[in-house]
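# A closer look at the structure
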Amino acid sequence: MTIEAAVGPPLAPDAAAKPPVIHPVWVRLNHWINALAMLMMIGSGWQIYNASPLFGFTFPREIALGNWLGGALLWHFAAMWLLVVNGIIYVALGLATGRFRRKLLPLYPRDVLHDLAAALRGRLAHDDLSSYNAVQKLLYLGILLTAVVIVLSGLSIWKPVQFQGLTSFFGGFDTARYVHFAAMAAIVAFLVVHVTLSILVPKSLRAMIVGR
Amino acid sequence: MSRQRKSPPGVDGKLLIKDAAKLMPAPSRRLFLRGALSVGALTMLTGCDIIDGDTAENALRVVSDFNDGVQAFLFNPNRLAPEYPESAIKRPFPFNAYYSEDDAPEIDGDKWQLEIGGRVENKKSWTLPELYALDEVSQVTRHICVEGWSAIGSWQGVRLSDFLKRVGADLTSKYVWFQCAEGYSTTIDMPTALHPQTQLTLKFDHRILPRAYGYPVKIRMPTKLGFKNPKYVTAMWVQNNDGGGYWENQGYNWFSGL
């Protein structure tokens, strides 16, 4: 409530001259730190995967991070802190400022179907970037949930003895690796859509950089 | 960012590093992070080398040391690794090392002795019959490799904490260092050495440890990654300084707890 208001009053007297802030500075900082941390986690994760592939393929070394298993593990368990600390701050502020509730709720299946149909016909309006359509709400809520899954499944792979209850919850050590991989795949799929749409609607990218 | 090394004019430094990385044999690759920085996703994103390889490597090692502390804090000395039924044992249990099975040490058990040193009262070496005569404990636990695969195995031997007490080890020491026949080594923290499931292992699946699994002695600890479980052990040292290890010195995380 107070933080967002302090960073950018939605309607200042000169609102006509200066458009309102869509993303306060803490959201933008969280977003780009998270982007960096995720690239490091995904790149090093691919290199780690290559040491013992779950499926019949490996990731090309050119797009993986760390050069060998030991290097990739160092990256993964360093970027982990950036991801988790940044993520905790983001979730705390998202809840405390009411941003999550305001931006992501309410969400009704009917609206999702309606907006999805409109989006596929290319008729979804983007006039007001401060308000998310139902498909956006669904995707952002989904990615938040996926973030929880990838962190918890990662913890259960890292500490299958100390956190053995968590590891059991994910079906044991071997299965937790598949869950961790599936969550990564979901995040990469989200990234493809997310980045594509931000390029198709450049003012949304601009808003995440300069705030408005 | 300052770069210490400059490529000769007309030479693409990145390509040089890329080629050099290919030439280096995987296990002895000491400059792994420099290669990582030139070919990794980060560089593709920014189009520059970001930071000098040494700086990045040092920074990552600092975080790895920090992670040792976090893992020591998370380690509960009373929490046991899950045990499994005998039917869950992986057969054949995989052989794994940085060399092929044919190159594994072939040790003459009649001549072999376990050397004991460092902060212990009784530094007498132990023969195999002497070790076989000690009380036996057994476990069926999951061996988890740093590579990501895992396999359930069955190990029998002497509880390491009992053995350390028997030789009069100073249990307030910080580390136990193990030396192996092929030159492998590793160091573990004392709390892990005293964990009830940490075992001076003499048998696999109730039979004398075969050569592939570390004859005559391996150290089994289900609370650490596989590479921290040394095979073909020839010496055990109780000490206050970290003796490092074969993989640890190349960049694997030191604590590597599970």
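The shown structure was predicted, so the numbers you read here are calculated from the model rather than taken from an experiment.

### Considering the overall build of chain A
Regarding its fold elements, chain A presents nine helices and zero strands. Each helix and strand of chain A, placed in order from N terminus to C terminus, yields the pattern α-α-α-α-α-α-α-α-α. Its C-alpha atoms give chain A principal-axis dimensions of roughly 60 × 40 × 35 Å. Counting only residues that meet the buried cut, chain A has 29% of its 212 residues in that class. Counting only contacts in chain A whose residues sit at least 6 apart along the sequence, the fraction spanning at least 24 positions is 57%.

### Focus: the overall build of chain B
Each helix and strand counted, chain B has seven helices and nine strands in total. Sorting the 258 residues of chain B into buried and exposed places 38% on the buried side. Look at the contacts in chain B between residues 6 or more apart in sequence, and 67% of them connect residues 24 or more apart.

### Observations concerning the sheet that holds strand E1 (residues 115-118) of chain B
Residue and element names in this part refer to chain B. Taken in spatial order, the four strands of this open sheet run E1-E9-E4-E5, and their pairing is mixed. Each having just a single partner strand, E1 and strand E5 (185-189) make up the two edges of the open sheet. Within the sheet, the average angular offset between the axes of one strand and its neighbour, ignoring direction, is 20°. The sheet contact formed by E1 and strand E9 (residues 233-239) spans four bridges and is parallel. Bridging across to E9, Gly117 finds its partner in Trp237.

### Overview of the nonpolar core
Nonpolar side chains in soluble globular proteins generally cluster together in the buried interior. Membership of the largest hydrophobic core comes to 32 residues, with the highest contact counts inside it found for Val176, Phe178, Val233 and Met236 of chain B. Of all the secondary-structure elements, those providing two or more residues to this core are strand E3 (150-159), helix H6 (160-166), strand E4 (175-180), helix H7 (190-193), strand E6 (199-204) and E9 of chain B. Those residues in contact with Val233 of chain B that lie beyond four places of it in its chain are Leu114, Phe178, Cys180, Val217, Lys218 and Ile219 of chain B. Counting residues in each nonpolar core, the second largest holds 30 residues, with Trp46, Trp68, Ala78 and Ala79 of chain A among its members.

### Re the packing of helix H6 (residues 134-158) of chain A against helix H8 (residues 173-200) of chain A
Residue and element names in this part refer to chain A. At their nearest, the axes of H6 and H8 sit 9 Å apart, and the two run at 150° to each other. With respect to each other, H6 and H8 are oriented roughly antiparallel. The hand of the H6/H8 crossing is left-handed. Where H6 abuts H8, its residues Leu139, Ile143, Thr146, Val149, Ile150, Ser153, Gly154, Ser156 and Ile157 lie against Phe173, Ala176, Arg177, Val179, His180, Ala183, Met184, Ala186, Ile187 and Phe190.

### So, the environment of Asp170 of chain B
Residues and elements named next belong to chain B. Looking at the secondary structure, you find Asp170 in the loop between H6 and E4. Taking the C-beta count within 10 Å as the criterion, Asp170 has 14 such neighbours and is therefore assigned partly exposed. In the structure, Asp170 is positioned 36 residues away from Leu134 in sequence and 20 Å away in space, judged by C-alpha atoms.

### Some remarks on unusual backbone geometry
Apart from glycine, the bulk of residues carry a negative phi angle, and the bulk of peptide bonds sit in the trans form. With an omega dihedral of -5°, the bond running from Leu105 of chain A to Pro106 of chain A counts as a cis peptide bond. In this structure, Pro106 of chain A sits in the loop between helix H4 (99-104) and helix H5 (109-120). Between Arg91 of chain B and the following residue, Pro92 of chain B, the backbone shows a cis peptide bond with an omega angle of -5°. Assignment of secondary structure puts Pro92 of chain B in the loop between helix H4 (53-74) and E1.

### Topic: the pairing of strand E2 (residues 137-144) of chain B
Pairing of E2 of chain B with E3 of chain B, which is carried by eight bridges, proceeds in the antiparallel orientation. Bridging from a neighbouring strand, His143 of chain B pairs with Ala151 of chain B of E3 of chain B.

### Observations concerning H4 of chain B
Each α-helix winds once per 3.6 residues, and so residues spaced three or four apart point in a common direction. All names here are of chain B. If you check H4, its first and last C-alpha atoms are 31 Å apart, about what 22 residues at 1.5 Å a residue would give, namely 32 Å. Of the positions making up H4, those classed as buried are Gly53, Ala56, Glu57, Leu60, Ser64, Asn67 and Gln71. An end-on view of H4 places all buried positions within 90° of arc, on one side of the element. Along H4, the residues that are exposed and aim more than 90 degrees away from the buried face are Asn58, Val62, Asp65, Gly69 and Phe73.

### A look at the interface of chain A and chain B
On the chain B side, the residues contacting the 29 residues of chain A number 36 residues. Of all the secondary structure elements, the ones that give two or more residues to the side of chain A that touches chain B are helix H2 (25-51), helix H3 (69-96) and H8 of chain A.

### Quick notes on the confidence of the model for chain A
All names here are of chain A. Residues of chain A with pLDDT of at least 70 account for 92%, and the chain-wide mean is 91. When mean pLDDT is compared element by element in chain A, helix H7 (residues 164-169) scores highest at 98, while helix H1 (residues 2-7) scores lowest at 46. Across residues 1-8 the pLDDT falls below 50, and counting only partners more than four positions away or on other chains, this stretch makes 16 contacts in the model.

### Remarks on the packing of H2 of chain A against H3 of chain A
Residues and elements named next belong to chain A. The geometry of H2 relative to H3 is characterised by a closest axis approach of 8 Å and an angle of 150° between their N-to-C directions. In terms of axis orientation, H2 runs roughly antiparallel to H3. Every pair of crossing elements has a handedness; the one defined by H2 and H3 is left-handed. Across the contact of H2 with H3, the residue classes tally to 19 nonpolar, eight polar and no charged.

### Things to note about the confidence of the model for chain B
The share of residues in chain B with pLDDT of 70 or more is 80%, and the mean pLDDT across the chain is 86. Overall fold confidence (pTM) sits at 0.85, and the ipTM for the predicted complex is 0.87.

### What about the environment of Val151 of chain A?
With respect to the helices and strands, the residue Val151 of chain A is situated in helix H6. C-alpha of Val151 of chain A to C-alpha of Met80 of chain A: the two residues are 71 residues apart in sequence and 9.0 Å apart in space.

Calculation criteria
Residues numbered from 1 in each chain as written. Chains lettered and ligands numbered in written order. Predicted model: local features only at pLDDT ≥ 70, side-chain atom pairs only at ≥ 80, totals over all residues. Helix = DSSP H or I, 4+ residues; strand = E, 2+ residues; numbered from the N terminus. Buried ≥ 20, exposed ≤ 12 C-beta atoms within 10 Å, placed from the backbone. Contact = placed C-beta atoms within 7 Å. Pairing = 2+ DSSP bridges. Axes fitted to C-alpha atoms, helices over the stretch in contact; angles between N-to-C directions. Core = buried A, V, L, I, M, F, W, Y, C linked by C-beta atoms within 7 Å. Parallel < 35°, antiparallel > 145°, perpendicular 65-115°, else oblique. Left-handed = near helix turned anticlockwise from the far one by under 90°. Expected span 1.5 Å × (residues − 1). Arc of directions from axis to C-beta. pLDDT = per-residue confidence, 0-100. Nonpolar A, V, L, I, M, F, W, Y, C, P; charged D, E, K, R; others polar.

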